[in-house]
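Inside the fold
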Amino acid sequence: MAALETPRETATSTSMNNWSGLGLMGAAMRGIGGSVVRRVHCEHVDYSSQATRGSIQRANPDLLRSIFEQYASEEERGVKMMTSDDFIRKYLGLYPEPNYNRETVRLLASAADTTKDGLISFEEFVAFEAILCSPDALYLTAFEMFDNNASESITCDEFEKIIRHTQPVMEMDFDFNSDFIKRYFGADKKRQIRYHDFCQLLHDFYEEQGVQAFQRYDKEKNGYISSVDFQHIMMTVKSHLLSSFVKNNLIAVSGGTASHKVSFPYYAAFNGLLSKMELMKRVYLTQARGNLQLELSKEDFLHATQSYAQITPYEVEILFHLADLAHPGSKVVTFRDLERFDAERLKRISYIMRLTNLKAVQSKEERSAFTA
Ligand SMILES: [Ca+2]
């Protein structure tokens, strides 16, 4: 029996372009997904085909009951309830350190606490398991977290409160009076937004945050920032898109010297490339026809992108620049390069796939204690 690992091909073959907009939830989800990996063990289920099809079977209710009772420490009128601490720290195993951030734990738990009374009932626990089985689990979970008063809609205040709880935004000081926010919530910021609007907001928010960060560092308002500022922005608001290789080469790829300037089109293309890495892989794979050792020249790669209008020549240019930093002089891109530039994100996607496969199942040791 091996701990569940989503096969690499699964993550690669699944189109995840939209997930880049969810970097905001990345840390939280990575946390949940990561801990789940440690808890969930795969014995009978073909997770690769499940993940690809997107249909996930519900867990056995008796099993859920056993898990719930084990972790629920509160009792209200004779009914067992889980606290935020029970759910996030004891059950999911997140934030085990004694000096954990209580607000973060409360926020994460509120994804399951639909009545927002601070306690998770068995019915809420079962309902949360159902959410995790749905194809849009990540957005649904995020919506529950943002919807602070269980009104099925989100106010600007609710949105701002959670966003401000994330480190990069605090550092970059996102403008909640910007036209972007007013387009979604109205000029007086009184409009409430419902689930589908929220999904679009969360997706677009991340783009906007990147634009605002650039504008903040473009002090002379001439469309340029320094390489050092570029590095700083990428490491804070865009860090979820960076593999360790890209992290280590941010200065080099943006001109090579600390005084070098980065233009807005370059910045946009760089982020576009990183968020489209799945698509880049698809382009490569259509050319490779199974030969993952194939070395593609820039001309061949550009030619192959003709049918993908989303990919710009500037993005391809930067892709080959990154490849040149990995193996100077060869002027080709390999599949290994694409993985090198996308490694962390792939793991993140795998976590999401794992998260949707969670099903609140426990480890074999625990299972054998509860089921015959
Ligand atoms: Ca509740």
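Residues numbered from 1 in each chain as written. Predicted model: local features only at pLDDT ≥ 70, side-chain atom pairs only at ≥ 80, totals over all residues.

Attention now goes to the overall build of the chain. When you go through the chain residue by residue, the secondary structure sums to 21 helices and 9 strands. A burial count over the chain gives 37% of its 372 residues as buried. Pairs at least 24 apart in sequence give 72% of the contacts found in the chain among residues at least 6 apart. (Helix = DSSP H or I, 4+ residues; strand = E, 2+ residues; numbered from the N terminus. Buried ≥ 20, exposed ≤ 12 C-beta atoms within 10 Å, placed from the backbone. Contact = placed C-beta atoms within 7 Å.)

What follows covers unusual backbone geometry. Residue Arg77 is not a glycine yet carries a positive backbone phi of 45°. Along the chain, Arg77 turns up in the loop between strand 3 (74-76) and strand 4 (79-83). For Tyr95, which is not glycine, the phi torsion reads 50° and is therefore positive. You can see Tyr95 is positioned in the loop between helix 5 (84-91) and helix 6 (102-109). Taking the C-beta count within 10 Å as the criterion, Tyr95 has 18 such neighbours and is therefore assigned partly exposed.

This part is about the packing of helix 5 against helix 6. Interaxial distance between helix 5 and helix 6 falls to 9 Å at its minimum, and their mutual angle equals 100°. Here helix 5 is positioned roughly perpendicular relative to helix 6, judged by the angle of their axes. Along its contact with helix 5, which presents Ser84, Asp85, Phe87, Ile88 and Arg89, the element helix 6 presents Val105, Arg106, Leu108 and Ala109. Of the residues that constitute the contact of helix 5 with helix 6, the class distribution is 5 nonpolar, 1 polar and 3 charged. (Axes fitted to C-alpha atoms, helices over the stretch in contact; angles between N-to-C directions. Parallel < 35°, antiparallel > 145°, perpendicular 65-115°, else oblique. Nonpolar A, V, L, I, M, F, W, Y, C, P; charged D, E, K, R; others polar.)

Between helix 16 (residues 264-275) and helix 19 (residues 313-326), the least distance of the axes is 8 Å, while the angle of their chain directions is 75°. Comparing their axes, helix 19 and helix 16 come out roughly perpendicular. Facing Pro265, Ala269, Phe270, Gly272 and Leu273 of helix 16, the residues of helix 19 in contact are Tyr314, Glu315, Ile318 and Leu319. Along the lines of polarity and charge, the residues of the contact of helix 16 with helix 19 split into 7 nonpolar, 1 polar and 1 charged.

Side-chain direction in a regular strand flips from residue to residue, so the side chains alternate between the two faces of the sheet. Both strand 3 and strand 4 contribute to a ladder of 3 bridges, which runs antiparallel. Of the residues in strand 4, the one forming a bridge with Glu74 is Met81. Between the end of strand 3 and the start of strand 4, which pair antiparallel, lie 2 residues, with Arg77 showing a positive phi angle near 45°. Of the pairings in the sheet, the one linking strand 4 to strand 5 (residues 119-120) comprises 2 bridges and is antiparallel in character. By the bridge assignment, Thr83 is partnered in strand 5 with Leu119. (Pairing = 2+ DSSP bridges.)

In this section: the environment of Pro96. Structurally, Pro96 can be placed in the loop between helix 5 and helix 6. Sequence separation between Pro96 and Asp85 is 11 residues, and the spatial gap between their C-alpha atoms is 9.8 Å.

Our focus in this paragraph is the UniProt feature "domain: EF-hand" (unreviewed entry) in the chain. UniProt's feature table lists "domain: EF-hand" (unreviewed entry) at residues 134-169 and 205-240, given in the numbering used throughout. Structurally, residues 205-240 is divided into 64% helix and 8% strand, and its ends, taken at the C-alpha atoms, are 14 Å apart. (UniProt positions renumbered as here; feature names shortened; annotations may be inferred.)

On to the sheet that holds strand 5. Whenever strands of a sheet pair, they do so through backbone hydrogen bonds, lying parallel or antiparallel. Taken in spatial order, the 3 strands make up an open sheet running 3-4-5, and their pairing is antiparallel. Either end of the sheet is taken by a strand with one partner, and the two such strands are strand 3 and strand 5.

Time to look at the nonpolar core. Formed by 40 residues in total, the largest nonpolar core has its most connected members in Met82, Phe87, Ile120 and Phe198. Look past the residues within four positions of Phe198 in its chain and what remains in contact with it is Phe143, Phe146, Ile154 and Ile193. Within the second largest apolar cluster, 33 residues are counted, among which are Leu242, Val246, Tyr284 and Ile311. (Core = buried A, V, L, I, M, F, W, Y, C linked by C-beta atoms within 7 Å.)

Next up on the list: the environment of Ile181. Note on placement: Ile181 falls in helix 11 (residues 179-185). C-alpha of Ile181 to C-alpha of Phe159: the two residues are 22 residues apart in sequence and 10.0 Å apart in space. Excluding residues within four positions of it along the chain, Ile181 makes contact with Cys156, Phe176 and Lys189.

Further remarks concern the environment of Leu107. When you line up the elements, Leu107 lands in helix 6. Look at Leu107 and you get partly exposed, because 19 C-beta atoms sit within 10 Å. Considering only alpha carbons, one finds Leu107 and Ile88, 19 residues apart in sequence, at a separation of 9.9 Å. Residues in contact with Leu107, not counting those within four places in the same chain, are Met145, Ile162 and His165.

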